[in-house]
Amino acid sequence: MSETASKGMDDILTIEHLQTHFTSRSGVVKAVDDVSFSLQPGQIMGLVGESGSGKSMTGYSIMGLIDAPGQVVGGRILLRGQDLRSLGPEAMRRIRGDRIAMIFQDPMMTLNPVLRIDTQMTEAVLAHRDVGRNAALAMARDALVRVGIASPDERLNAYPHQFSGGMRQRVAIAIALLNAPDVIICDEPTTALDVTIQGQILYEMQKLCRESNTALIWITHDLSVIAGLADTVSVMYAGRIVESGTVARVLGQPRHPYTHGLIASAPSRNMRGRPLRQIPGATPSLLNLPSGCAFRSRCAHATEVCGQTPELREVDARALRCFHPVTDTEIEAV
């Protein structure tokens, strides 16, 4: 969706200062720490970062799927203006799979191993739609075709164990598409798929967003997928968003040293015969984060001022959490 087309449209999902903590004997883990963003109808947002940065926990928090000892302790989750945090378990169950859906990295988090595929898919329809079983079966068959599953009638009568891992993932994606929800959260759903099928799924997701105005959050560590799929991108590090904006600006001209490091370390950016570039060090433990900027122990730009906590601010037409943005000269050197 173009920036011009999106102007004036109401946000379909608004996340305000979301905080999700896990309490342990060793202390409190701030898995999601003051995360805010918004989505408009039809918009695709990429949520990227290393493992442990808080991407998936942000998705689970939105869906209300945080189990003890975890808890959403602050912020608001507004779906068309309705705060999902104010809803009880039963009301939230009615919304999941209908107005908001999630596709998990592991398809067996979606599929029941002892039920046939037709039973699982029709139940997903009948739980939210006043239609007959035949209509629900037709919707299920169409969804399987959309994700590239051949012989859909035969596959509907099969059990999950009769599918390969990639096929199970496609079924999980089809279930999420069934009710054309307002928002779909995708937690690296194409990891187990080959490149051809991945391309087909990405095309179907873009088509869905374009035709039905469904908003999409695509969680991944693969920047190349985001470059071809998303409208905007938010980069997470240690539970916080450190840079966000349009894909063209953030990936084309990264200003945060972490974003710059992620892009520079992509294999396609490196010369044959030379060692791969990498971000030095490792992601700090969320139980023992350094004071101030969490990235400063790995950052070549860090100075004394980085001992203070940077706030998100507007820099070069994007939101940025950094005291020392990357310069154009450094970007061109990659």
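Everything in this summary refers to the structure shown in the same document. Bear in mind the structure is a predicted one, so any value in this text is a computation, not a measurement.

## Observations concerning the overall build of the protein
Link 1 in the chain: From N to C terminus, the protein includes twelve helices and twelve strands.
Link 2 in the chain: Over its C-alpha trace the protein gives a radius of gyration of 21 Å, about what one expects of a compact globule, namely 20 Å for 334 residues.
Link 3 in the chain: Expressed along its principal axes, the backbone C-alpha trace of the protein runs to roughly 65 × 50 × 45 Å.
Link 4 in the chain: Out of the 334 residues in the protein, the part that is buried amounts to 49%.
Link 5 in the chain: Long-range contacts, defined as pairs at least 24 residues apart, comprise 65% of the intrachain contacts of the protein with a sequence gap of at least 6.
Link 6 in the chain: Of the roughly 15,800 Å² that the protein leaves accessible, carbon and sulfur atoms contribute 49%.
Link 7 in the chain: A gap of 3 Å separates the mean positions of the 33 positive and 34 negative side-chain charges of the protein.

## Topic: the sheet that holds strand β10 (residues 240-246)
Note: strands within a sheet are paired through backbone hydrogen bonds, in either parallel or antiparallel orientation.
Link 1 in the chain: The strand order β6-β7-β8-β3-β9-β10-β12-β11 describes an open sheet built from eight strands, whose pairing is mixed. The sheet terminates laterally at β6 (100-103) and β11 (313-314), the two strands that pair on one side only.
Link 2 in the chain: Note that β10 and strand β12 (residues 319-320) share two bridges and pair antiparallel. Paired with E243 across the two strands is L320, which belongs to β12.
Link 3 in the chain: In this fold helix α2 (residues 55-63) packs onto β3 (44-48), β6, β7 (183-187), β8 (215-220) and β9 (232-237), with an angle of close to 145° to the strand it touches most, β6.

## A look at the state of the cysteines
Link 1 in the chain: Tallied over the entire structure, the rule returns zero disulfides.
Link 2 in the chain: Note on C209: no disulfide assigned, nearest cysteine sulfur contributed by C186 at a separation of 8.1 Å.
Link 3 in the chain: Cysteine C322 is unpaired, with the sulfur of C299 as its nearest cysteine sulfur at 6.1 Å.
Link 4 in the chain: The class of C322 is buried, set by a relative accessible area of 9%.

## Observations concerning α2
Link 1 in the chain: Of all the nine residues making up α2, seven are buried; the element is thus mostly covered by neighbouring parts of the structure.
Link 2 in the chain: Along α2, the residues that are buried comprise K55, T58, G59, Y60, S61, I62 and M63.
Link 3 in the chain: Positive phi appears at G64, one or two residues downstream of α2, with a value of about 70°.

## Considering the sheet that holds strand β5 (residues 82-83)
Link 1 in the chain: An order of β2-β1-β4-β5 is seen for the four strands of this open sheet, with the pairing classed as antiparallel. The open sheet has two edge strands with one neighbour each: β2 (27-39) and β5.
Link 2 in the chain: When strand β1 (residues 13-24) meets strand β4 (residues 70-79), the two strands line up antiparallel, connected through eight bridges. Across the sheet, residue T20 finds its bridge partner in β4, namely V72.

## Digging into the pattern of salt bridges
Two side chains of opposite charge can pair, provided their charged atoms sit close to one another.
Link 1 in the chain: Under the defined criterion, the tally for this structure stands at 17 salt bridges.
Link 2 in the chain: Among the salt bridges present, the one from R240 reaches D33, with a minimum N-O distance of 3.1 Å. Taken together, the positions of R240 in strand β10 and D33 in strand β2 put the pair 207 residues apart, joining distant regions of the chain.
Link 3 in the chain: With relative accessibility at 22%, the residue R240 sits in the partly exposed group.
Link 4 in the chain: Judged by its relative accessible area of 12%, D33 falls in the buried class.
Link 5 in the chain: Linking D316 and R318 is a salt bridge whose minimum nitrogen-to-oxygen distance equals 3.4 Å.
Link 6 in the chain: Members of the salt-bridge network, linked through shared partners, are E243, R249, R255, D316, R318 and D328.

## So, the pairing of β6
Link 1 in the chain: Here β6 shows a buried face lined by I100 and M102 and a second buried face lined by A101 and I103.
Link 2 in the chain: In the sheet, β6 pairs with β7 via four bridges, with the strands oriented parallel. Counted as the bridge partner of A101 is I184 from β7.

## A few points about the side chain of E243
Link 1 in the chain: Along the chain, E243 turns up in strand β10.
Link 2 in the chain: Of the residues examined, E243 reaches a relative accessible area of 0% and is grouped as buried.
Link 3 in the chain: One polar contact links E243 to T259, side chain to side chain, over a distance of 2.8 Å.
Link 4 in the chain: Those residues in contact with E243 that sit more than four places away from it in its chain are V233, S234, V235, V250, Q253, P254, R255, H256, T259, R318, A319 and L320.

## A closer look at the packing of helix α4 (residues 117-126) against helix α5 (residues 133-146)
Link 1 in the chain: Across the interface, α4 lies against α5 with an axial gap of 9 Å and an inter-helix angle of 115°. Our classification of the angle between α4 and α5 gives roughly perpendicular. Seen from above, α4 lies across α5 with right-handed handedness. Along the contact surface, α4 presents D118, M121, T122, V125 and L126, while α5 presents R133, A136, L137, M139, A140, A143 and L144.

## Here's the deal with the packing of aromatic side chains
Link 1 in the chain: Counting across every chain of the model gives four aromatic pairs.
Link 2 in the chain: Judged by centre distance (5.2 Å) and plane angle (85°), the rings of Y237 and F295 are edge-to-face. Of this pair, Y237 sits in strand β9 while F295 is found in the loop between α11 (257-264) and β11, placing the two residues 58 residues apart along the sequence. Of the two residues, Y237 and F295, both sit in the buried class.
Link 3 in the chain: Here the aromatic rings of Y258 and F295 are separated by 5.4 Å at their centres, their planes lie at 65°, and the arrangement is edge-to-face. Of this pair, Y258 sits in helix α11 while F295 sits in the loop between α11 and β11, and the two are 37 residues apart along the sequence. Side by side, Y258 and F295 carry an identical accessibility label, which is buried.
Link 4 in the chain: Among the aromatic residues, those joined into a cluster by ring pairs are Y237, Y258 and F295.
Link 5 in the chain: When the ring centre of F163 is taken as origin, the NZ or CZ atom of R155, which lies over that ring, is 5.2 Å away.

Reading the values: rules and limits
Residues numbered from 1 in each chain as written. Predicted model: local features only at pLDDT ≥ 70, side-chain atom pairs only at ≥ 80, totals over all residues. Heavy atoms only, no water. Helix = DSSP H or I, 4+ residues; strand = E, 2+ residues; numbered from the N terminus. Rg over C-alpha atoms; globule rule 2.2 N^0.38 Å. Buried < 20%, exposed > 50% of the residue type's maximum accessible area, 1.4 Å probe, protein only. Contact = heavy atoms within 4.5 Å. Areas by Shrake-Rupley, 256 points an atom, 1.4 Å probe, with all protein chains shown as cover. Lys, Arg positive; Asp, Glu negative; His and termini not counted. Charge placed at Lys NZ, Arg CZ, Asp CG, Glu CD. Pairing = 2+ DSSP bridges. Axes fitted to C-alpha atoms, helices over the stretch in contact; angles between N-to-C directions. Disulfide = S-S within 2.5 Å. Salt bridge = Lys/Arg side-chain N within 4 Å of Asp/Glu carboxyl O. Polar contact = N/O pair within 3.5 Å; in protein donor to acceptor, adjacent residues only side chain to side chain. Parallel < 35°, antiparallel > 145°, perpendicular 65-115°, else oblique. Left-handed = near helix turned anticlockwise from the far one by under 90°. Phe/Tyr/Trp six-rings, centres within 6.5 Å; stacked < 30°, edge-to-face > 60°. Lys NZ or Arg CZ within 6 Å of the ring centre and 35° of its normal.

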